[in-house]
Amino acid sequence: MKEIGPSDVDSDSIDLWVVSHGGVASNAICDFLQKNGLRTRPDNYGLICHKQHPGSSLNVPILVIYGDFEGAIKSMDRRGYLTANATKMRFGMDLPEISLKRLIETRPRDPMGIIEFVNSFKNAQEKGVDNIEFLRYPYSNQDAVNKLQNLGFEIDFDGFFLRERKKKFGIVSREVKEILNAYKDTVFP
């Protein structure tokens, strides 16, 4: 049976919490970091990889990967993860029964919960709740090295590369077009 959540971050089971809004190669960097000895994938990773910051300290360094909203949304849609990732960001759990249409109707400016998600980590960082770094996708190996150094990790990124994003996304639905339109002017530092 598939676990739907909600789930808490168990800081004892990870060295680094890698989190993203989806579609920005967070799985690729987690796999690479795991191969290099960092624990990034606890048993409940699928439930916490798109979860907002809880507002209280987790006592674990956090790497937030974000950016390329248009490409990320199209990528998640193509792979069938758009609704699941949205409900994880907005509600902290995978709720497959909620449709994209309902997500748009209930929050037209932030249907996926991306703005709220990123802001939860921004607010936690500003308050000094946890050690948090933001890595903007697409990023270079040196960008990743710098952010990880700021979090206290020395990782050699030789051999890591971001795969080029697939350019053919196929036909996008009316709902996906509305979601893309909602985020077209979204800018985070």
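Cut-off values and rules
Residues numbered from 1 in each chain as written. Predicted model: local features only at pLDDT ≥ 70, side-chain atom pairs only at ≥ 80, totals over all residues. Heavy atoms only, no water. Core = buried A, V, L, I, M, F, W, Y, C linked by side-chain atoms within 4.5 Å. Buried < 20%, exposed > 50% of the residue type's maximum accessible area, 1.4 Å probe, protein only. Helix = DSSP H or I, 4+ residues; strand = E, 2+ residues; numbered from the N terminus. Contact = heavy atoms within 4.5 Å. Arc of directions from axis to C-beta. Pairing = 2+ DSSP bridges. Axes fitted to C-alpha atoms, helices over the stretch in contact; angles between N-to-C directions.

Visitor: Is there a simple way to explain the nonpolar core in this structure?
Guide: Within the largest apolar cluster, 59 residues are counted, with the highest numbers of intra-cluster contacts made by Trp 17, Ile 29 and Phe 157. Per-element accounting of this core gives the leading share, six residues, to helix α6 (residues 114-126). If we skip the residues at most four places from it in the chain, Ile 29 touches Val 18, Leu 63, Ile 65, Leu 135, Tyr 139, Ala 144, Phe 157 and Phe 160.

Visitor: Would you mind showing me how to read helix α8 (residues 174-183) here?
Guide: Of the positions making up α8, those classed as buried are Val 176, Ile 179, Leu 180, Ala 182 and Tyr 183. Around the axis of α8, the buried residues are gathered within 155 degrees of arc, so they sit on the same side. The outward face of α8, more than 90 degrees from its buried face, is lined by the exposed residues Arg 174 and Lys 177. Those residues of α8 that are buried lie in contact with α3 (69-79), α4 (82-91), α5 (100-106) and α6.

Visitor: Looking at this structure, I do not really get the sheet that holds strand β2 (residues 62-66). What am I missing?
Guide: Hydrogen bonding along the main chain pairs the strands of a sheet, whether they run parallel or antiparallel. Taken together, three strands build an open sheet; the order of strands is β1-β2-β3 and the sheet is parallel. Only two strands of the sheet have a single partner each, and these edge strands are β1 (17-20) and β3 (132-136). Averaged over all neighbouring strand pairs, the angle between strand axes comes to 25 degrees, with direction disregarded. One ladder, built from four bridges, connects β1 with β2; its direction is parallel. Within β2, the position partnered with Ser 20 by the bridge is Ile 65.

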